[in-house]
Amino acid sequence: MKIFDKINKNYHLKLPFVAYRKPNKNKVLGKFLKTDDLVFTSSFTESGFVFAPFDEQRNTILFLEKEAESLEEDYIESVNTTENFSFTENNSSKEEHIALVEKAIKQIENSDLKKIVVSRKEQLQLKEFDIIKIYQKLLDKYKTAFVYVWYHPKIGLWFGATPETLLEIKDNNFKTMSLAGTQPYKNEENVVWGNKEIEEQQLVTDFIENQIKDIAENIFIEKAKTVKAGTLLHLKSKVKGELSKSSSFISLIKALHPTPAVCGLPREKAKAFILQNENYTRSFYTGFLGEINKVDDQNSSHLFVNLRCMEVTNNIASIYVGGGITKDSIPLKEWQETISKTATMKNVLQ
Ligand SMILES: C=C(O[C@H]1C=CC=C(C(=O)O)[C@@H]1O)C(=O)O
């Protein structure tokens, strides 16, 4: 495909680009830049593609629409996915993660915190690395996800296949979702959920409702349903509404990000715990990415939460995974949940 040649070319010339396919769509879209200038946005008023970190104190990167060459092509399923990547697994940080989960549970028991999402980074040494093969495998395997590869020579190379929409907005009509609770998919989507997962997801739904109630009208929240995301199942409620005339797109982003699906409740206290206690920097994991202010589509924007993602630097893949901790969490189960979540990316590396 032409778009893959262009990805290869830009990557080898060290020029920024993003390629992405929206959930359940066929088209792969690409934005290819001609210089390696680093452009930031804090107003979200420009037209382009944003890549935002978890911590909003850090910069959001913008690929300006007017500076980019845009390509789009229907994806033709790859026939070349049998080739193997081999990797050596680093010694896992099981004890460290379990200790972090235990600390989060204690903090919840001894404060007004209800939920904290704690995460970790797992590093794998790749024996081979081919940007196109990895991206094709992601496209082949995760048709219901937002599947992307994003590169800037001054920032890094990221891949992801995320199940979570942060915000889709056109005119004043918007959609978002409350996604939380995880169990492995075992050929059955009709499953029973435990109280911990039901409560964990309800906390996210209540937070979203509370955050948007003063800036939106006609809010409608669907009952939670089971959804499949790769080899996992989650609980999801769709949310829609109308942004009030006096409110702005950025106020909606600020109201939603970071949701308790990636941070916790109350938000600021959970964030402080995360920044103090996770012994690595999340950078763009649990941030968000996507199109903003599309001029050819009534200024619409479509943003996704950066989950099930990895960063590749010098043949080392860093896979980022986390999970929501509540008073009812069982540390060993939370560890196993992060292992299950690494499979989304590991499946395309082997
Ligand atoms: C934080 C992650 O997932 C979130 C989204 C869905 C379910 C989650 C959970 O069950 O904990 C997390 O809130 C991740 O995949 O790293």
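The name given to the protein in an unreviewed UniProt entry is isochorismate synthase, and the organism recorded there is Polaribacter marinivivus. Per UniProt, the protein carries the Sequence similarities (unreviewed entry) text "Belongs to the isochorismate synthase family."

Draft legend 1. Looking closely at the overall build of the protein. The number of helices and strands found in the protein is 7 helices and 20 strands. Along the first, second and third principal axes, the C-alpha atoms of the protein reach 55 × 55 × 40 Å. Residue pairs at least 24 apart in sequence account for 73% of intrachain contacts in the protein once pairs closer than 6 positions are excluded. When the accessible area of the protein is evaluated, it comes to approximately 15,800 Å², of which 47% is carbon and sulfur surface. The positive charge centre, built from 48 side chains, and the negative charge centre, built from 47, are 1 Å apart in the protein.

Draft legend 2. Summary view of the UniProt feature "domain: Chorismate-utilising enzyme C-terminal" (unreviewed entry) in the protein. Feature annotation in UniProt assigns "domain: Chorismate-utilising enzyme C-terminal" (unreviewed entry) to the following positions: residues 94–341. Helix makes up 30% of residues 94–341 and strand 39%, with an end-to-end C-alpha separation of 14 Å.

Draft legend 3. Local environment of helix 2 (residues 94–109). With 16 residues, helix 2 should cover 22 Å at 1.5 Å per step; its first-to-last C-alpha distance of 23 Å lies within 8% of that length. Buried within helix 2 are the following residues: H97, I98, L100, V101, A104, I105 and I108. Projected onto a plane normal to the axis of helix 2, the buried residues spread over an arc of 155° and lie on a single side. Seen from the buried face of helix 2, the exposed residues on the opposite side, beyond 90 degrees, are E95, K106 and E109. Buried residues belonging to helix 2 abut strand 8 (115–126), helix 6 (267–277), strand 20 (316–325) and helix 7 (331–346).

Draft legend 4. A look at the site of the ligand. In the region of the ligand, 17 residues are neighbours, and T182, A261, Y285, R308 and G324 sit closest. Between the ligand and the protein, one listed contact pairs an oxygen atom with a backbone N or O atom of G181 at 3.1 Å. A261 places a polar main-chain atom, nitrogen or oxygen, 2.5 Å from an oxygen atom of the ligand. Going through the elements one at a time, strand 12 (173–184), strand 20 and helix 7 are the ones with two or more residues in the shell around the ligand. Taken together, the residues of the shell around the ligand sort by class into 7 nonpolar, 6 polar and 4 charged.

Draft legend 5. Region of the structure containing the nonpolar core. Counting 52 residues, the largest nonpolar core has Y148, W150, W158, L167 and L252 as its most contacted members. Not counting residues up to four positions away in its chain, the partners in contact with W150 are F17, V18, F49, F51, I61, F63, I155, G156, L157 and W158. In this structure, I3, V147, V149 and M345 belong to the second largest nonpolar core, which totals 33 residues.

About the cut-offs
Residues numbered from 1 in each chain as written. Predicted model: local features only at pLDDT ≥ 70, side-chain atom pairs only at ≥ 80, totals over all residues. Heavy atoms only, no water. UniProt positions renumbered as here; feature names shortened; annotations may be inferred. Helix = DSSP H or I, 4+ residues; strand = E, 2+ residues; numbered from the N terminus. Contact = heavy atoms within 4.5 Å. Areas by Shrake-Rupley, 256 points an atom, 1.4 Å probe, with all protein chains shown as cover. Lys, Arg positive; Asp, Glu negative; His and termini not counted. Charge placed at Lys NZ, Arg CZ, Asp CG, Glu CD. Expected span 1.5 Å × (residues − 1). Buried < 20%, exposed > 50% of the residue type's maximum accessible area, 1.4 Å probe, protein only. Arc of directions from axis to C-beta. Near = heavy atom within 4 Å. Polar contact = N/O pair within 3.5 Å; in protein donor to acceptor, adjacent residues only side chain to side chain. Nonpolar A, V, L, I, M, F, W, Y, C, P; charged D, E, K, R; others polar. Core = buried A, V, L, I, M, F, W, Y, C linked by side-chain atoms within 4.5 Å.

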